[in-house]
Amino acid sequence: MSLTICACVSSANLAVVKSVLGELLAAPAMNTFVHGTTPDAFASAKSSGHPIALLVEGGMGVDVIKDLCDDHDKKERRVKFIYSLSAGVDSYRLPDFTKQLHGVPMHNAQGCYSNILAEHVVFSMLYFNRSPWRIVESKREKKWDRFNMIEARGEKVVIIGYGDIGQKCGQKAAALGMKVTGIRRSGGNTVDEHGVTVRGNDALDEAIREADFVVGVLPGTSHTKHFFNKDVFAKMKPSAVFINIGRGQTQCEEDIVGALNNGVIRGAALDVFETEPLPKESPLWTVPDDKLLLTSHCADFTDRLMELTVTRFAEIYKDYATSGRSDAYTVHLEKGY
């Protein structure tokens, strides 16, 4: 089966998308490649009656999904599958389009970002254990400043949201000799291949109270909004650090600022925020370096980022072209991830 590729992607990423797909897919697929950022751009593909593979990038894909999937009263859907260039799918507002998306599989880039994000989590932990702000300042002042470092080995880490990214974080932390607990809804009480103890939500409070690092890798859903709030920070040790690489809406930034300024927790490393870009008036900008490591939602940015996720789309496209389906990297629309 041949499918028209409708790519709703930004102009900044279009060249990479076309280049990678041109290398990986046969000529017929690229002969029916259509791109744009609004429903009008795909009007001809919609009216052609040709089956569609829809490639979307973030919130700009919402109106396009709504328009191309408006044939929900038909048994045979025009869009055969949707692929999200990102692992997170909260920006597509899936709960608003259950009718349109019924019977249309959605896949995402889960796994493409896991390793680089896990490296950032390790960096964040070492940031607070090695005090680079103090090291840089001492060099600037030509000050011979010897101080104790904190050894990662033996420290306790709890990873909340132990999916693919969380597991990669657990693997790297365990390799440093840290004692890691992964929390997920399907929990139980097992030890995985990385030596991480995997528990359910019933163990959450205990794990948070004992942790030196609390790592958030939660998806953005109605159930996770402001999950990390003053109540959670109050359970943490005053010497503990909060790290969030999940979704910005899972944290209450007002509560983070209060916890840091009042010494409820030692520090935080944030790569995601409730509003992005982070507004200039946000008090997070003025929190001292020894309390907050702040990055601009770029912890997973690499030179090969777009190439990796577009390659994933090509693999799934081939599955549909040959067998009419794919079970790889599917999104649970009801769960939102």
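Let me begin by describing the structure that accompanies this report. It should be emphasised that the depicted structure is a prediction, and the values quoted were computed from it without experimental measurement.

**Description of the overall build of the protein**
The secondary structure content of the protein amounts to 12 helices and 13 strands. For the protein, the C-alpha radius of gyration of 22 Å lies close to 20 Å, the compact-globule estimate for 337 residues. Taking the principal axes of the C-alpha coordinates as reference, the protein spans close to 70 × 45 × 35 Å. In the protein, the share of contacts with a sequence separation of at least 24, taken over all contacts with a separation of at least 6, comes to 68%. If you sum the accessible surface of the protein, you get close to 16,600 Å²; carbon and sulfur atoms cover 50% of it. Positive and negative charge centroids in the protein, built from 39 and 42 side chains respectively, lie 2 Å apart.

**Describing the pairing of strand β12 (residues 267–270)**
What you see with β12 is no split at all: Gly267 and Ala269 on one side and Ala268 and Leu270 on the other are buried throughout. In terms of strand pairing, strand β11 (residues 241–244) meets β12 through 4 bridges, oriented parallel. Looking at the pairing, Asn244 lines up with Leu270 of β12. Between the parallel pair β11 and β12, the chain is carried across by helix α11 (residues 253–261), and the sense of this crossover is right-handed. In the sheet, β12 pairs with strand β13 (residues 292–294) via 3 bridges, with the strands oriented parallel. When the bridges of β13 are listed, Ala268 appears paired with Leu292.

**Quick look at unusual backbone geometry**
Most peptide bonds are trans, and most residues other than glycine sit at a negative phi. Cis peptide bonds are those with omega within 30 degrees of zero, and the linkage from Glu276 to Pro277 qualifies with -5°. Along the chain, the position of Pro277 falls in the loop between β12 and β13. Despite not being glycine, Ser131 has its phi angle at roughly 50°, a positive value. One can find Ser131 in the loop between α6 (114–130) and α7 (132–140). The phi angle at Tyr329 is positive, at roughly 55°, despite the residue not being glycine. Note that Tyr329 resides in the segment after α12 (305–323). Here Tyr329 falls in the partly exposed class, since its relative accessible area comes to 36%.

Conventions used here
- Throughout this document, residue positions are counted from 1 along each chain, in the order its sequence is written.
- Local features are withheld for residues below a pLDDT of 70 in this predicted model, meaning they are given only at 70 or higher, and side-chain atom pairs are given and counted only at 80 or more; totals for whole chains, interfaces and linings count all residues.
- Side-chain descriptors were evaluated using all non-hydrogen atoms of the structure, hydrogens and water having been removed beforehand.
- Going along the chain from the N terminus, every DSSP run of H or I of four or more residues is numbered as a helix, and every run of E of two or more is numbered as a strand.
- Taken over C-alpha atoms, the radius of gyration is set against a globule rule of 2.2 Å times the number of residues to the power 0.38.
- Pairs of residues are marked as contacts when any of their non-hydrogen atoms sit within 4.5 Å.
- Here the open area of atoms and residues is found with the Shrake-Rupley method and a 1.4 Å probe, where only the protein chains shown may cover a residue.
- The charge count treats Lys and Arg as positive and Asp and Glu as negative. His and the chain ends do not count.
- Throughout, a charge is located at the NZ atom of Lys, the CZ atom of Arg, the CG atom of Asp or the CD atom of Glu.
- With a 1.4 Å probe rolled over the protein chains alone, any residue whose accessible area is under 20% of its type maximum counts as buried; one over 50% counts as exposed, and the rest are partly exposed.
- At least two DSSP bridges between two strands are required for those strands to pair.
- The crossover handedness rule: strands pointing away from the viewer, path from first strand over the helix to second strand clockwise, crossover right-handed.

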